[in-house]
Amino acid sequence: MAAAGDGVLGLLNRLFRVEHGEWPKLLQFGLFGLLLQTGMGIGFAAGDAAFLTHVGPDKLPVIFLLTPAVMLVYTAIFSYLLVRFSIDHVVDVTLAALIGGGALLWGLIQLGLPEPYATGLYYVLKLYLAMWYIALYSLFWNFTDAYFDIQDAKRLFPLFSAFCALGTTIGALIVSLFAGVVPMHGFLLVWAAVAFATMPIALLLRRRWQRIADSDTELEAETKSVLSQLGQVGRAFKTSPYAVTLVLTLFVTLLMTNLAEYQYSTVLQAGRDEAQLAKLFGELYAGASLFNLIVCLFVFNRLVTRIGVRNTALILPLTYFAVFGYFFLSGGTMAALAAFFAYHGVLTSIEYNNQNLLFNATPSQVKRPFRTVVEGLAEPLASLLAGAFLLLGAKNADMRDLSGIGVLLGAVLIAVVVALRHYYPGAMEANMRRGWLNFGDPDLHAPRFDEAATGVLREKAAEADSGVAQAARSLLHRRSARPASRDAFEADASEATGAFAAKLSDPSPSVRKYALQALASVVGPGDIALVPPLVRNLPLMDRASRATILELLGAIGDVEAIPQILAAAARLSPRELRTAETMLAGLGDAAIPRLMQVLTNYQTPYRARAVAARALSSLSHAQFVSQVKKLVTEELDETGRRLGVAERFEAEAGRSPALKLLADAYRQRIGESVDFTLELLALGGLLPDFDLLIVSLHSANPKVRGNAVEAVASGVGHATWKRLEPLIDRKATQRASADGDLIDLLKVAVESGHGFEAAAAAQALRDHLPAAQLAGALRRGLKPGMAPIFRDSFTNLLGLDADARPTAVDLVEAVRGVPDLANASIDAQVALAERATAQPAARRPVELKLRDRSFWITRADVDEVAARYADLALTMLKTRDDRAYAG
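Definitions and cut-offs
- Residues numbered from 1 in each chain as written.
- Predicted model: local features only at pLDDT ≥ 70, side-chain atom pairs only at ≥ 80, totals over all residues.
- Heavy atoms only, no water.
- Axes fitted to C-alpha atoms, helices over the stretch in contact; angles between N-to-C directions.
- Helix = DSSP H or I, 4+ residues; strand = E, 2+ residues; numbered from the N terminus.
- Left-handed = near helix turned anticlockwise from the far one by under 90°.
- Contact = heavy atoms within 4.5 Å.
- Nonpolar A, V, L, I, M, F, W, Y, C, P; charged D, E, K, R; others polar.
- Salt bridge = Lys/Arg side-chain N within 4 Å of Asp/Glu carboxyl O.
- Buried < 20%, exposed > 50% of the residue type's maximum accessible area, 1.4 Å probe, protein only.
- 1 Å grid on protein atoms, 1.4 Å probe; cavity = no way out; pocket = protein on both sides within 12 Å on 5 of 7 lines; lining within 4 Å.
- Points joined across faces, edges and corners; volume = space filled by probe spheres on them.
- Pairing = 2+ DSSP bridges.
- Core = buried A, V, L, I, M, F, W, Y, C linked by side-chain atoms within 4.5 Å.
- Arc of directions from axis to C-beta.
- Patch = residues over 30% accessible without salt bridge, like charges linked within 9 Å, V, L, I, M, F, W, Y side chains within 5 Å.
- Areas by Shrake-Rupley, 256 points an atom, 1.4 Å probe, with all protein chains shown as cover.
- Phe/Tyr/Trp six-rings, centres within 6.5 Å; stacked < 30°, edge-to-face > 60°.
- Lys NZ or Arg CZ within 6 Å of the ring centre and 35° of its normal.
- pLDDT = per-residue confidence, 0-100.

Asks: Just give me the short version of the packing of helix H5 (residues 117-145) against helix H6 (residues 150-178), but keep the residues and values in it.
Replies: Here H5 crosses H6 at 145°, and the two axes come no closer than 12 Å. Seen along the crossing, H5 lies across H6 with a hand that is right-handed. Touching Phe140, Trp141, Thr144 and Asp145 of H5 are Phe157, Phe160, Ser161 and Cys164, all from H6. Of the residues belonging to the contact of H5 with H6, the class tally is five nonpolar, two polar and one charged.

Listed below in structure tokens is the structure:
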């Protein structure tokens, strides 16, 4: 029975795209929306029938004119409560107002006041409905938006809309079934009772679920000043073209909606009394709500995933254009029904759902006040304009004339939405930038010398070693530009170059540093023999010496050494990687073939490949762009195959520590592949600023990360996104793990894996293979050029070392036992493990506890590795600060 239950739940999860454990949250928020809309359905079906019967459709323009005045008062109160207190308090006030307002209106109508007060009450009733139609919609989505990020919203908000549609259906059916026995104003008491039943649900939601901040600032840190936030709303209109275009979209949409309501109400009211009209509207609202239910449950989330938020925004404008065209050409009841379903069907199930996602791109710091002002004032202003026009012009225009105006407005709306599509990606990028903590350092400017000063410095640098010579070499090392031609280097070359080069292989770091300083002023393009020792020393020296080596390699200009240079550069700091990128770009077009070789080699570290991509883009952007699609497709195909293997290793992780670390290494490799792919796309112009995108994508804040995912989804094609989604989305449906024998998968990982992956797979094989079979399985993993820490791990596992160090896996596992270092990347942990010694070498070293002994890392080494790997620095920061930083 349990298995059958799990099977049904799994089917429902796949059908409705709900993740494991989300059903309680989904159902509770859905019930809240259902109850709100049940009351709204009751009020609308009964109230519309009462107004049209007692007042008439010809008075609808008066309602359109008065609605902005009512909404002005409501919006002022709502905005004050929203900014001064919170959305939670606004919910309480709204439900109390629904209960009291419904009871009050029922009582006044029940009194049977004389004319003109009786007719005036029906005007009040219609305005009451118009106010709550906008207010309850805005309230529910403002409230719900605070608990979900945009990626969850794209999956779940359509389901909430389905609950709302179901609620409207229930409310409309209640009116349709009981219209013959219950007076229309009696349904106001039923609405008040539904509002009362909604109050405990709202309280449960606040207590059970936690709100999500819109940015990486804490919820409590948000400003509480009403004037300051309303001022920010005003500035948003001045600084955000997207915000202006969105408001214009909503404004024109409401103009067309009011025109459609006037036309279908006029046609459908003719020849029907109050009960017949109530029954008809009950049936129409029920039918429209059933349509909305189906669209929200099964269509919208798949539609918006397939064509994107921007393209979905075109559906309603095209629908309205077609409906008014139908009215213009034919007219009659069928055109009225089409207008009704465009309004209460397409607008409700598709456009309103999509507007919830479009509002996510408005400036995040004022999103809720902005939405309140727009929906509470800008939209009623459209009603004012439509009402004034209909009141003054409808008497002199027939249905066909009004339909022609609707066709023209439809064309305008299509043009405005096309502009909205254009501004959407930039608005998402701007939201990611807000709240991003920029840890970048300011540019440092090295001294610049004219030719005469440079000549003097070179003369002093060539003298026998002295303080003056060392100072001259240091100044030359820090110069900001190479001489204009390589001939200048060749003229400075001396016989001492060979002697200094020999010292680069000296075991003493101080001797090697001195040799580098001496070489700084004399190396030129003819010194290709210096490249191997320089590359070998690049990741091993201190920061100043690494900068000197990069400058020397640039001076030599050996393009054939680019793959070796980038392999070594993969272990440098981010600033040094940028320096390496500039140096490689300075080699000119001759570097392009070797850069492409590195860029397309899946075995090369991603840090090196990223440098190659940036350098190639700088050298020949057109050539880079021509290769982006192919590079991205090949990268995602290769990484996609690794995903199933990673999931298999994760499933088996409990069998040994080595398997767990291997699974983590595969996952981190997949994450690096995603980052690299996004950088390729950003360099190709398909995505916004890469650094900003990555910081947002790795944020712990779900809304910030969701915005980054949305920026990616809206910027790349559907085929690329389908490959990226399971890699980039933490909640994407997992594919089946790799089939086959675990031992075979481990053997493949040993043979084809990267350094740590191969070492971890080898140690996992040792834990699972008989000793007689181990040697044959591990020898295939020993490759030329393997880093010493991994080579030593293999010789240890093969039993070839008499006094062996711990393996890389053992040391990394010990590094993870240190809280400050536990959450760093495996690359950073391997770099720390390389520096571990059997004896403490300085004061207060970091102890790495293994099973039978301890190893030690100096604080200086930890700081050095943190300077090269930003994730380690952020991990160390995070352990000392529990605030929600990005990244």
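Asks: If you had to explain the pattern of salt bridges to someone new, which residues and values would you point to?
Replies: Going through the model one piece at a time under the given rule, you end up with 26 salt bridges. Between Glu581 and Arg578 there is a salt bridge, with its nearest N and O atoms 3.3 Å apart. Highlighted residues: Glu581 and Arg578, both in helix H23 (residues 574-585), separated by three residues, approximately one helical turn. The exposure class assigned to Glu581 is buried, which follows from its relative accessible area of 15%. Judged by its relative accessible area of 36%, Arg578 falls in the partly exposed class. One salt bridge in this structure joins Glu864 and Arg868, with 3.0 Å as the shortest N-O distance. Taken together, the positions of Glu864 and Arg868, both in helix H37 (residues 859-868) and four residues apart, correspond to about one turn of that helix. For the residue pair Glu864 and Arg868, the accessibility class agrees, reading buried in each case. Sharing partners across several salt bridges, the network here consists of Arg546, Glu576, Glu864 and Arg868.

Asks: Mind laying out the environment of Ile728, listing which residues take part and the relevant values?
Replies: Among the secondary structure elements, Ile728 is positioned in helix H30 (residues 718-728). What makes Ile728 buried here is its relative accessible area of 3%. Every residue in contact with Ile728, bar those within four places of it in the chain, is listed here: Val674, Leu678, Leu697, Arg705, Val712 and Trp721.

Asks: Explain empty space enclosed by the protein to me, using residue names and the numbers behind them.
Replies: What the rule picks out here adds up to eight cavities of 30 Å³ or more. Every residue lining the largest cavity is counted, 40 residues in all, and those nearest its centre are Phe44, Tyr133, Ile134, Tyr343 and Tyr352. Secondary structure elements with two or more residues in the lining of the largest cavity: helix H2 (23-54), helix H3 (60-84), H5, H6, helix H9 (241-269), helix H10 (274-312), helix H12 (332-358) and helix H13 (367-393). For the lining of the largest cavity, a count of residues per class yields 21 nonpolar, 15 polar and four charged.

Asks: Outline the pairing of strand E2 (residues 854-857), supporting the account with residue identities and numerical values.
Replies: Direction of pairing for strand E1 (residues 846-849) relative to E2: antiparallel, over a ladder of four bridges. In the sheet register, Val846 faces E2, and the bridge partner there is Ile857.

Asks: Give a description of the nonpolar core that names residues and reports values.
Replies: Within the largest apolar cluster, 272 residues are counted, with the highest numbers of intra-cluster contacts made by Trp132, Phe649, Leu678, Phe756 and Leu872. It is H5 that contributes the most residues to this core, 17 residues altogether. With near-sequence residues (within four places) excluded, Trp132 lies in contact with Met40, Tyr74, Thr94, Ala97, Leu98, Tyr137 and Trp191.

Asks: Account for helix H24 (residues 592-599), with residues named and values stated.
Replies: Burial in H24 covers these residues: Ile592, Leu595, Met596, Val598 and Leu599. Angular distribution of buried residues about the axis of H24 spans 160°; they occupy a single face of the element.

Asks: Help me get a handle on the side chain of Thr168, residues and values and all.
Replies: Note on placement: Thr168 falls in helix H6. Among the residues examined, Thr168 registers a relative accessible area of 17% and is labelled buried. For Thr168, the residues in contact, after removing those within four places along its chain, are Gln37, Thr38, Gly41 and Ser289.

Asks: Go over a nonpolar patch on the surface with me, naming the residues and quoting the values.
Replies: A cluster of nonpolar residues, Val8, Leu12, Leu15, Leu290, Ile294, Phe298 and Val299, forms a patch on the protein surface that exposes about 550 Å² of accessible area. Of all the elements in the fold, those that place two or more residues in the nonpolar patch are helix H1 (2-16) and H10. No other element matches the four residues that H10 contributes to the nonpolar patch. One can find Leu12 in helix H1. Accessibility expressed as a relative area gives 31% for Leu12, which makes it partly exposed.

Asks: If you had to explain the pairing of E1 to someone new, which residues and values would you point to?
Replies: Here E1 shows a clear split, with Val846 and Leu848 buried on one side and none of Glu847 and Lys849 buried on the other. If you look at the hairpin formed by E1 and E2, you'll find four residues sitting between the two strands.

Asks: A description of the packing of aromatic side chains should follow, citing residues and the corresponding values.
Replies: Overall, the coordinates contain 27 aromatic pairs when judged by the stated rule. Between Phe44 and Tyr133, the aromatic rings sit 5.2 Å apart at their centres with planes inclined by 50°, giving tilted as the arrangement. Residue Phe44 is located in helix H2, and its partner Tyr133 is located in helix H5; the two are separated by 89 residues in the primary sequence. On the accessibility criterion, Phe44 (8% relative accessible area) is buried. An angle of 45° between the planes, with centres 5.0 Å apart, marks the rings of Trp141 and Phe157 as tilted. Of this pair, Trp141 sits in helix H5 while Phe157 sits in helix H6, placing them 16 residues apart in sequence. There is no split in this pair, since Trp141 and Phe157 are both buried. Through successive ring pairs, a cluster of aromatic residues spans Phe29, Phe32, Tyr137, Phe140, Trp141, Phe143, Tyr147, Phe148, Phe157, Phe160 and Tyr352. Sitting over the face of the ring of Trp209, Arg208 holds its NZ or CZ atom 3.9 Å from the ring centroid.

Asks: Now, about the confidence of the model for the protein: what can you tell me, with residues and values included?
Replies: Averaged over all residues, the pLDDT of the protein is 80; the fraction at 70 or higher stands at 85%. Mean pLDDT values over the elements of the protein span from 41, in helix H17 (residues 486-492), up to 92, in helix H7 (residues 187-208). In this model, residues 477-496 is a region of pLDDT below 50 whose contacts with residues beyond four sequence positions or in other chains number 37 contacts.

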